[in-house]
Amino acid sequence: MVADLREEMQRLAALAKERGATAKVVPATDIVVSQWVRFKCRYGCKGYAKHFGCPPYSPSYGETKQMVSEFTTGLLLRFDGVPGHGKFGPDDIPEDFHPFYADLIKWVNGTVHFLEKTAFYDGYYKAFGFGGYPCIWCEHQHCVAEESEGVVDESVRRKCRHMDLVRPSMESACIDVFATAKSAGWELNTIPCRNMEYGKIEHCDIVSVGLVLIE
């Protein structure tokens, strides 16, 4: 890592800390990209095809694998907890739990976008961020993708209301978040749900992860 890049990563890590996140510099070779991850989105997630940061609109396995190989360094970001709520359990989570986590999603994706933008204007023009979770920027409206019948193409995607902010989540782009975090020394665990009921998590000790690639 050249000296200038080292200083930039320290600067970005400090900015991440100001926003309540923990940052760790990792070599791009430690970012694990696996085909199976996208299957978890396609089969099991209620947000599939409803947001432009999610499959099938997010990068494929091959695209992400190739793209990551064009970088040397990543800043892995860890977010502990859920802002906007105190302690909560499964009975506090509504059936439509996407808006319930709005502050968390904004925290993660807003920080990723801010750090990517900062690196870009610092001269690292290749900087690119991957957030987490489905997009939440259209607070009081459904995503254009969800409003449309069927899978939309690029002619509809260009109508995205927040195209400057939307980035693919790590998982939507086939990045194995658990394995990538483990390579950075962070052990993530799945959170049990009450009676294995989708979304009804038993505790609020959530760890979220984001990524900014820099060259």
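Residues numbered from 1 in each chain as written. Predicted model: local features only at pLDDT ≥ 70, side-chain atom pairs only at ≥ 80, totals over all residues. Heavy atoms only, no water.

A. Focus on empty space enclosed by the protein. Evaluated as defined, the whole model comprises 1 cavity of 30 Å³ or more. The space that makes up the largest cavity amounts to roughly 70 Å³. Lining the largest cavity we find Gly53, Asn109, Val112, Gly131, Tyr133, Pro134, Cys135, Trp137, Leu165, Val166 and Arg167. Along the lines of polarity and charge, the residues of the lining of the largest cavity split into 7 nonpolar, 3 polar and 1 charged. (1 Å grid on protein atoms, 1.4 Å probe; cavity = no way out; pocket = protein on both sides within 12 Å on 5 of 7 lines; lining within 4 Å. Points joined across faces, edges and corners; volume = space filled by probe spheres on them. Nonpolar A, V, L, I, M, F, W, Y, C, P; charged D, E, K, R; others polar.)

B. Quick peek at the pairing of strand 2 (residues 73-80). The buried fraction of strand 2 amounts to 7 of the 8 residues, a majority that puts the element mostly inside the structure. Summarising the sheet, strand 1 (residues 22-27) and strand 2 pair through 6 bridges and their orientation is antiparallel. Its bridge partner lying in strand 2, Ala23 is registered against Leu77. As defined by bridge partners, strand 2 adjoins strand 4 (residues 207-214) across 8 bridges and the pair is classed as antiparallel. Along strand 4, the bridge assignment pairs Phe79 with Ser208. (Buried < 20%, exposed > 50% of the residue type's maximum accessible area, 1.4 Å probe, protein only. Helix = DSSP H or I, 4+ residues; strand = E, 2+ residues; numbered from the N terminus. Pairing = 2+ DSSP bridges.)

C. Fine view of the layout of surface pockets. Here the second largest pocket is characterised by a volume of approximately 180 Å³. Together, Phe52, Tyr57, Ser58, Pro59, Arg157, Cys160, Met163, Val166, Arg167 and Pro168 line the second largest pocket. Its residues placed into classes, the lining of the second largest pocket shows 7 nonpolar, 1 polar and 2 charged.

D. Region of the structure containing helix 3 (residues 61-68). What helix 3 keeps buried is the set Thr64, Met67 and Val68. The arc that holds every buried residue of helix 3, seen down its axis, measures 95°, which confines them to one face. The inward-facing, buried residues of helix 3 abut strand 3 (128-130) and strand 4. (Arc of directions from axis to C-beta. Contact = heavy atoms within 4.5 Å.)

E. Layout of the pattern of salt bridges. Evaluated as defined, the whole model comprises 7 salt bridges. The closest approach of N and O atoms between Asp122 and Arg11, which form a salt bridge, is 2.8 Å. With a gap of 111 residues between them, Asp122 in the loop between helix 4 (102-121) and strand 3 and Arg11 in helix 1 (residues 3-18) connect regions that are remote in the sequence. For Glu116, the salt bridge goes to Arg167, with nearest N and O atoms at 2.8 Å. Residue Glu116 is found in helix 4, and its partner Arg167 is found in the loop between helix 6 (154-157) and helix 7 (177-183); the two are separated by 51 residues along the sequence. The class for Glu116 is buried, based on a relative accessible area of 9%. Salt bridges sharing partners connect three or more residues here, namely Asp91, Arg194 and Glu197. (Salt bridge = Lys/Arg side-chain N within 4 Å of Asp/Glu carboxyl O.)

F. The side chain of Thr180, seen in detail. With respect to the helices, strands and loops of the structure, Thr180 is situated in helix 7. Excluding anything up to four places from it in sequence, Thr180 contacts Asp30, Ile31, Val32, Leu76 and Ile175.

G. Fine view of the nonpolar core. Within the largest apolar cluster, 30 residues are counted, with the highest numbers of intra-cluster contacts made by Leu12, Leu77, Phe88, Tyr101, Leu104, Leu115 and Ile214. Residue assignment for this core shows that the elements contributing at least two residues are helix 1, strand 2, helix 4 and strand 4. Sorting elements by how many residues they give to this core places helix 4 first, with 8 residues. Those residues in contact with Ile214 that sit more than four places away from it in its chain are Leu5, Met9, Leu12, Phe71, Thr72, Thr73, Ala119, Tyr124 and Ala127. The next biggest cluster of nonpolar side chains, apart from the first, holds 21 residues, and it includes Val68, Ala184, Val209 and Leu211. (Core = buried A, V, L, I, M, F, W, Y, C linked by side-chain atoms within 4.5 Å.)

H. Representation of the environment of Ser58. Assignment of secondary structure puts Ser58 in the loop between helix 2 (36-42) and helix 3. C-alpha separation for the pair Ser58 and Glu171, spaced 113 residues apart in sequence, amounts to 9.7 Å. Those residues within four positions of Ser58 in sequence are excluded, and the remaining contacts are Arg38, Phe52, Gly53, Pro168, Ser172 and Ala173.

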